[in-house]
Structure formats: C-alpha cells, structure tokens
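As a plain string of letters, each chain reads:
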Amino acid sequence: MDTAIAEIERGGRVESRHAGTAVVVDADGDVVFALGDIALPTYPRSAVKAFLALPLVESGAAERLGLDDEELALACASHNGEPAHVAVAARMLGRAGRHVSCLECGTHWPTNADAAHALARSGGAPNALHNNCSGKHAGFICLACDRDEDPAGYIQPAHPIMREVTAALADVTDAAHGEDNRGIDGCSIPTYAIPMRALAHGFARFGTGHGLGRERARAAARLRAAVANAPFMVGGSGRFDTVLMQALGPAVFSKMGAEGIMAASLPEQGLGIAVKCHDGAPRAAEVAMATLLMRFLGPETRDHAVLRDLATHDIRNWNGLTVGRVRAAPFI
C-alpha cells in the first residue's frame with residue numbers, strides 16, 4: 001500500500017489522503033530520511049531547471065552577455081507570466097540579439113489569473129514569453145548564441161545545447177539520462193526519469209558544491225544567489241517557491257515541477273529534499289515539503305511563520321467558511 005504524504009481533514013475526520021514519496025539526502029549521498037520507494041524513477045520536470053542553467057553560467061556566457069540576477073533567476077523559473085516575467089524574458093532574448101519568435105516552448109495564457117485577465121481586457125493575446133518556461137528557453141538561446149550555435153531546434157535531444165545541459169543534469173544527479181528514460185516535457189524539451197534519491201542528492205550537491213567540479217560549484221552558487229536576490233522571478237505572486245524564498249532568502253533553494261514534484265537545497269545543512277505526490281497534486285507536495293523544511297532547517301528558520309502557513313492549507317467553501325485543511329501526513 002502506498003504511503004500517505006498529505007491528508008485532507010474535514011469535520012475532525014481525515015476525508016482523503018495523497019500517497020507519495022519523500023527523501024532527504026546529504027551531499028555524500030547518504031539518506032537522512034525516507035518515505036516510500038526512493039528508488040522509484042520519476043520525471044523531475046521543472047524541478048531541475050537550475051541544473052539546466054548551470055552551463056549558461058559556468059561557460060561564462062551569462063557574464064559575457066551581462067545577465068543580471070533577475071535574468072538568471074528567470075532561467076531557473078516556472079513563472080506566472082506576469083508582466084515582470086514577460087519583460088525579463090524579452091530582455092534575455094535581447095541580450096542575445098534574438099526575438100520571441102526564437103522561443104520553441106509554445107504559447108499559453110499567463111497562469112496568474114490577474115495577469116491573464118489584464119491581458120485579455122487589453123485586447124492582447126499571449127505569446128511564448130508568457131509560457132512559464134520562457135526564461136529557461138531564453139537561457140538556452142543565450143547559451144547557443146554565445147557559442148555561435150544556431151539555436152533553431154534547441155529543444156531536440158541531439159542539439160548541441162540540449163546535449164550540453166543534459167550532461168549537466170547527469171553530472172549533478174549522478175543518474176543516467178538516455179533514450180531509455182526520456183520523455184517530453186510540457187515545453188517540449190526532454191525530461192528524464194531518475195530515482196527520487198538521485199534527485200535529492202543532486203539538490204544537496206547543488207546547494208553545497210560538494211562533488212561538483214570547481215566551475216560547476218561556482219555556477220551553482222551564482223544561481224542560488226540570483227534566485228535569493230530575485231525570488232519573484234522564480235514563480236510569482238502567491239507561488240510556493242517565491243513565498244518561501246522571499247521569507248527565508250539563501251537558507252533554502254526550492255523548485256516545484258509539474259505533476260506534484262518538488263525539490264529543495266538546504267545549503268547550510270548540506271541536505272537535498274525531494275517530494276513526489278503520486279497523483280500529481282501540488283497541494284500535497286507543498287505541505288509535505290514545508291513540513292520537511294520545518295524538520296531539517298536550522299533552529300533560526302524552522303519556526304518561521306511562513307513555513308507554518310505553507311505546511312497547512314485551509315480549505316474554504318464558496319461562502320468563505322473554513323471547512324477543513326490540507327496538512328502533511330503524520331509520517332512526515
């Protein structure tokens with residue numbers, strides 16, 4: 001039987017449960033906490049965007065192109081498509097002398113309702129800059145242009161840029177990334193199913209630099225600093241990652257992915273955390289992650305009010321009455 005990572009309570013009873021997997025690993029790869037099958041191959045989806053941005057920084061391309069904190073944070077982002085996100089993605093493309101037409105991530109309306117409504121009221125229509133992955137893709141284009149590579153087709157596994165960033169994924173997680181475990185992500189780049197333990201280990205290494213080459217470790221530190229300085233770019237209004245990192249700064253690097261996966265680095269503790277809700281529900285992954293952070297962060301941050309708020313979500317009905325809550329399961 002699957003193990004629950006989150007419960008929904010109503011009227012003093014557990015109404016439903018979300019099954020999942022959670023694991024905490026140190027930078028040496030030793031498991032500190034485990035719940036469920038941590039060898040389970042799982043697509044990390046957008047959780048690993050910062051790993052994909054490592055070559056952009058370690059190659060020197062980011063510095064040569066003058067990418068600032070907002071732009072580097074957006075390269076690691078799954079953003080809401082709010083005006084600031086769109087502007088920064090366009091600015092990144094401008095650094096490379098390119099236009100929105102170069103983006104191969106596809107188009108969707110802003111995921112932030114206010115931004116979507118404002119765009120519709122103005123008579124506008126979404127373009128690829130509104131895609132939650134536009135910053136990541138703009139980063140790929142910047143890297144390609146700095147290397148004098150044609151960025152066209154950069155989403156394909158065989159493209160030189162995609163081969164380079166995939167190699168970075170394999171290096172940081174110490175897990176194989178090949179045809180046999182490859183899928184296609186929502187933004188059309190490859191995504192690779194890897195063990196949950198490997199994902200958590202990768203985040204421990206990303207947070208500490210331990211086990212990474214000198215330049216890769218330096219690039220990881222640069223990306224963490226950029227995100228800590230510009231956390232709004234990583235998600236946006238009301239988003240878990242942004243709210244968490246606005247409150248805790250460099251103490252945590254957190255990144256969600258689609259289908260209920262989340263991962264985090266705790267640099268001071270030297271730990272990486274990975275959580276997967278098996279039914280894909282973000283609400284379960286979020287409360288489980290917040291609860292694990294409260295458990296493993298240092299005493300100066302673990303009792304932060306924001307963490308307590310993120311660890312329990314009230315459920316309200318259409319009259320605004322609080323009728324229940326989402327909370328981590330007792331095993332967490």
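Please refer to the structure higher up on the page.
Bear in mind that the values here come from a model prediction, so they are computed numbers and not experimental data.

Visitor: Just give me the short version of the overall build of the protein chain, but keep the residues and values in it.
Guide: A count of helical and extended segments in the protein chain gives 13 helices and twelve strands. Computed over the C-alpha atoms, the radius of gyration of the protein chain is 19 Å, within 12% of the 20 Å expected from 2.2 N^0.38 for a compact globule of 332 residues. Overall size of the protein chain, expressed as C-alpha extent along the three principal axes, is 60 × 50 × 40 Å. For the protein chain, the residues scored as buried account for 57% of the 332 residues in total.

Visitor: Kindly report on the nonpolar core, identifying the contributing residues and their values.
Guide: Ranked by internal contacts, the top residues of the largest apolar core, which has 72 residues, are Leu56 and Leu103. The greatest single-element share of this core, amounting to seven residues, is contributed by helix H7 (residues 134–146). Apart from the residues within four sequence positions on either side, Leu56 is in contact with Ala61, Ala62, Leu67, Leu72, Ala75, Gly139, Cys142 and Leu143. Judged by nonpolar contacts, the second largest core, of 37 residues, contains Leu244, Leu266, Ala290 and Leu297.

Visitor: Describe in detail the pattern of salt bridges, supporting the description with residues and values.
Guide: Applying the stated rule across the entire model yields 17 salt bridges. Across the pair Arg95 and Glu71 runs a salt bridge, and its minimum N-O distance is 3.1 Å. Placement of Arg95 in helix H5 (residues 83–95) and of Glu71 in helix H4 (residues 69–75) is noted, with a sequence separation of 24 residues between them. By relative accessible area, which is 35% here, Arg95 ends up partly exposed. One salt bridge connects Glu164 with Arg147, and the closest N-O pair in it is separated by 2.7 Å. Taken together, the residues span a long stretch of sequence, with Glu164 in helix H8 (residues 160–173) and Arg147 in the loop between H7 and H8 at a distance of 17 residues. Among the residues examined, Arg147 registers a relative accessible area of 37% and is labelled partly exposed. Each of the salt bridges in this network shares a partner with another, and the network as a whole consists of Asp68, Glu70, Glu71, Arg91 and Arg95.

Visitor: Got a sec to walk through the packing of H5 against H7? Specific residues and values, please.
Guide: Contact geometry of H5 with H7 gives a least axis separation of 9 Å together with a crossing angle of 5°. Between H5 and H7, the angle is such that the two are roughly parallel. Of H7, the residues touching H5 (which contributes Ala89, Met92 and Leu93) are Ser134, Gly135, Ala138, Gly139, Ile141 and Cys142.

Visitor: Explain empty space enclosed by the protein residue by residue, including any values.
Guide: If you walk through the whole model with that rule in mind, you get two cavities of 30 Å³ or more. Considered as a void within the structure, the largest cavity measures approximately 80 Å³ in volume. Looking at which element gives the most residues to the lining of the largest cavity, the answer is strand E6 (residues 190–192), with three residues. Per-class residue counts for the lining of the largest cavity are seven nonpolar, three polar and three charged. The space that makes up the second largest cavity amounts to roughly 50 Å³. Where the lining of the second largest cavity is concerned, the elements lending two or more residues are helix H1 (49–52) and H7. Take the lining of the second largest cavity: its biggest share by element is four residues, from H7. Looking at the lining of the second largest cavity residue by residue, the classes come out as six nonpolar, one polar and two charged.

Visitor: Before we move on, can you summarise H7 with the specific residues and values?
Guide: An α-helical turn contains 3.6 residues, so a residue and the one three or four places further along point in the same direction. In this model, H7 (13 residues) spans 18 Å end to end at C-alpha, consistent with the 18 Å of a helix rising 1.5 Å per residue. Most of H7 sits out of view: twelve of its 13 residues are buried. Those residues of H7 that sit buried are Ser134, Gly135, Lys136, His137, Ala138, Gly139, Phe140, Ile141, Cys142, Leu143, Ala144 and Cys145. Structurally, H7 contributes buried residues whose contacts are with H1, helix H2 (54–58), helix H3 (61–65), H4, H5 and H8. Asp148 sits one or two positions beyond H7 and adopts a positive phi of about 60°.

Visitor: So, the pairing of strand E10 (residues 271–277): which residues are in play, and what are the values?
Guide: Every regular strand shows the same layout, with side chains that alternate between the two sheet faces. By the criterion of burial, E10 is predominantly enclosed, with seven of the seven residues buried. In terms of strand pairing, strand E2 (residues 13–26) meets E10 through seven bridges, oriented antiparallel. Of the residues in E10, the one forming a bridge with Gly20 is Cys277. Bridge count between strand E9 (residues 261–266) and E10: six bridges; the pairing is antiparallel. Within E10, the residue paired with Leu266 across the bridge is Leu271. The loop that links E9 with its antiparallel partner E10 comprises four residues; one of these, Gly270, has a positive phi angle of about 70°.

Conventions we followed
- Residues numbered from 1 in each chain as written.
- Predicted model: local features only at pLDDT ≥ 70, side-chain atom pairs only at ≥ 80, totals over all residues.
- Heavy atoms only, no water.
- Helix = DSSP H or I, 4+ residues; strand = E, 2+ residues; numbered from the N terminus.
- Rg over C-alpha atoms; globule rule 2.2 N^0.38 Å.
- Buried < 20%, exposed > 50% of the residue type's maximum accessible area, 1.4 Å probe, protein only.
- Core = buried A, V, L, I, M, F, W, Y, C linked by side-chain atoms within 4.5 Å.
- Contact = heavy atoms within 4.5 Å.
- Salt bridge = Lys/Arg side-chain N within 4 Å of Asp/Glu carboxyl O.
- Axes fitted to C-alpha atoms, helices over the stretch in contact; angles between N-to-C directions.
- Parallel < 35°, antiparallel > 145°, perpendicular 65-115°, else oblique.
- 1 Å grid on protein atoms, 1.4 Å probe; cavity = no way out; pocket = protein on both sides within 12 Å on 5 of 7 lines; lining within 4 Å.
- Points joined across faces, edges and corners; volume = space filled by probe spheres on them.
- Nonpolar A, V, L, I, M, F, W, Y, C, P; charged D, E, K, R; others polar.
- Expected span 1.5 Å × (residues − 1).
- Pairing = 2+ DSSP bridges.

By themselves, these are just geometric observations and shouldn't be taken as functional.
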